[in-house]
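Here's the letter readout for the chains.
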Amino acid sequence: MFDIARQHLKTPRDLLRFAMSRFTEAGLFFGHGTDNAWDEAAYLIAHTLHLPIDRFDALLDARLLPSELNDALDILERRVSERVPAAYLTREAWLAGHDFYIDERVIVPRSFIAELLPDGLSPWIEHPELVHRALDLCTGSGCLAILLAHAYPDAEVDAVDLSTDALDVATLNIERYGLEQRVTPIESDLWAGVAGNRYDLIVSNPPYVDAESVAALPDEYLKEPELALGSGEDGLDATRAILEQATHFLNPFGVLVVEIGHNRDVLEALYPALTFTWLDTSGGDGFVFLLMREDLVTGGL
């Protein structure tokens, strides 16, 4: 089918129609930056042809050079045949208006926490300049650590991950944004590498997929590092380790923000003495919780 297309397609409009048909026929899963075949195809085509996505519609009927057509069809064919997330094909992902280098060493950025920085953490953090030290646990590509540095311009940020491969990618992104003096990548299994440190704000988007759900993940998600997805039978092994040590790393009135996916009911049952604050995000109010250090102490942690 793709070989035939090379002989007949002429414009981005042709490519877009063809890609949507092939994506739908193949039953691709979308969830790494887009949620439908149209947007995913448009992004891949525009990126490959070096066209501005915000003006893509105006260029749909432009005639393509044979080399441009072949480049676009190559990336579309890989999306279908290998079921690789678009971000791995383009080496790019966007989060909260910032673009990050991405490859198979890290999970594709998609955290609700990005929506909350900084205004969504008010009134718990009244002014951005009150955050002097911040920590991003399970940093992956470094995206949240970099967003923290932008949201809190007076803060030094530690970016922690167990994976040295992930930290190599995070370092590329830190350097890309010129934040080497403020954002520090640290190899650590959660808290181990930051012992003795205290923070005004800690955020984490840890692995949180339960074992049953990991077994049922679409092929696209299985292209991501397994370490970044599953976290024990109930998906909360990492979250428990974060909660049970957080008081030792938070300053008085320090804030902890953690994303946990669809695990709210299970988490609240595990910690009935904790008064979780669930933050509003585009996905709803059950995905990201906030606790102050005093909440953890009152809850017995």
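Residues numbered from 1 in each chain as written. Predicted model: local features only at pLDDT ≥ 70, side-chain atom pairs only at ≥ 80, totals over all residues. Heavy atoms only, no water.

> What's the story with the overall build of the protein in this structure? I'm lost.
A tally of helices and strands in the protein yields 12 helices and 9 strands. For the protein, the C-alpha radius of gyration of 21 Å lies close to 19 Å, the compact-globule estimate for 301 residues. Counting the 301 residues in the protein, one finds 50% classified as buried. Here the analysis covers contacts within the protein between residues at least 6 apart in sequence; of these, 69% occur between residues at least 24 apart. Across the protein, the 21 positively charged side chains and the 51 negatively charged ones have centroids separated by 8 Å. (Helix = DSSP H or I, 4+ residues; strand = E, 2+ residues; numbered from the N terminus. Rg over C-alpha atoms; globule rule 2.2 N^0.38 Å. Buried < 20%, exposed > 50% of the residue type's maximum accessible area, 1.4 Å probe, protein only. Contact = heavy atoms within 4.5 Å. Lys, Arg positive; Asp, Glu negative; His and termini not counted. Charge placed at Lys NZ, Arg CZ, Asp CG, Glu CD.)

> How should unusual backbone geometry be read in this particular structure?
Excluding glycine, residues mostly carry a negative phi; peptide bonds, for their part, are mostly trans. The amide bond that connects Leu117 to the next residue, Pro118, takes the cis arrangement and shows omega of -10°. Tracing the sequence through the fold places Pro118 in the loop between strand 2 (98-100) and strand 3 (133-137). Residue Ser122 is joined to Pro123 through a cis peptide bond whose omega torsion reads 15°. Phi is positive for Arg83, which is not a glycine, with a value near 55°. Along the chain, Arg83 turns up in the loop between helix 4 (66-81) and helix 5 (86-90). Owing to a relative accessible area of 16%, Arg83 belongs among the buried residues under this scheme. At Ala96, a position not held by glycine, the phi torsion is positive, near 55°. Looking at the element boundaries, Ala96 is found in the loop between strand 1 (93-95) and strand 2.

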